[in-house]
Amino acid sequence: GADAAQETAHEIFVFNGAKGSNPHETPDVIKARKRAREKLSKIMDPILETRLTPYVQQRFPGVCTGRAGRGCTPCFSLVRKYRAGERRMHGIHRDGQALVTVVISLSDYGTEYTGGLYISDGESRLVVPLDRGDAVVHQFDLLHGVDVTGDGERW
């Protein structure tokens, strides 16, 4: 019913992190992004519903129970790219819009990019080398960021 659709509904964004207006946002680009989101949803929805959501709910019962009857359910999926000439970093932060975040690498560490996702204690950084398909699952309060170095590209 409508409640089930609400529980599993999420949005997918194809995002390079550029702020402000983008002169390349033509109607054709917007349509292409919409088609990409639809294709990604067909791939991601079953994975979210059968693998990631149950794992997150089991792994983080303290934050995933009693949340207006929803448990932890997917809200947003971002496909974010970091490459030379565009966004190369996402400064140190905590995830304020999510109780739990799942990061899945679409690129191989060391061959396609260096640097990347790091965790921090506020003074030092520890890079988490992720290969394609590797995942990191963390709560909202983890201090972390992204800093892609070299000429590579990370998705």
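Residues numbered from 1 in each chain as written. Predicted model: local features only at pLDDT ≥ 70, side-chain atom pairs only at ≥ 80, totals over all residues. Heavy atoms only, no water.

Peer 1: Which residues make up the confidence of the model for the chain, and what are the values?
Peer 2: When pLDDT is averaged across the chain, the result is 82; 81% of the residues are at 70 or more. Across the chain, the element-wise mean pLDDT spans from 35 in helix α1 (residues 2-8) up to 97 in strand β7 (residues 125-127). This stretch, residues 1-10, has a pLDDT under 50; its non-local contacts, to residues over four places away or in other chains, come to 13 contacts. (pLDDT = per-residue confidence, 0-100. Helix = DSSP H or I, 4+ residues; strand = E, 2+ residues; numbered from the N terminus. Contact = heavy atoms within 4.5 Å.)

Peer 1: For the state of the cysteines, give the residues involved together with the corresponding values.
Peer 2: Going through the model one piece at a time under the given rule, you end up with one disulfide. Covalently, Cys-64 is tied to Cys-72 through a disulfide, its sulfur atoms 2.0 Å apart. On the sign convention where negative is left-handed, the bridge of Cys-64 and Cys-72, at about -90 degrees about the S-S bond, is left-handed. Take Cys-64: its relative accessible area is 4%, and that puts it in the buried class. The class for Cys-72 is buried, based on a relative accessible area of 11%. Cys-75 carries a free sulfur, and the closest cysteine sulfur to it, the one in Cys-72, is 8.9 Å from it. With relative accessibility at 36%, the residue Cys-75 sits in the partly exposed group. (Disulfide = S-S within 2.5 Å. Buried < 20%, exposed > 50% of the residue type's maximum accessible area, 1.4 Å probe, protein only.)

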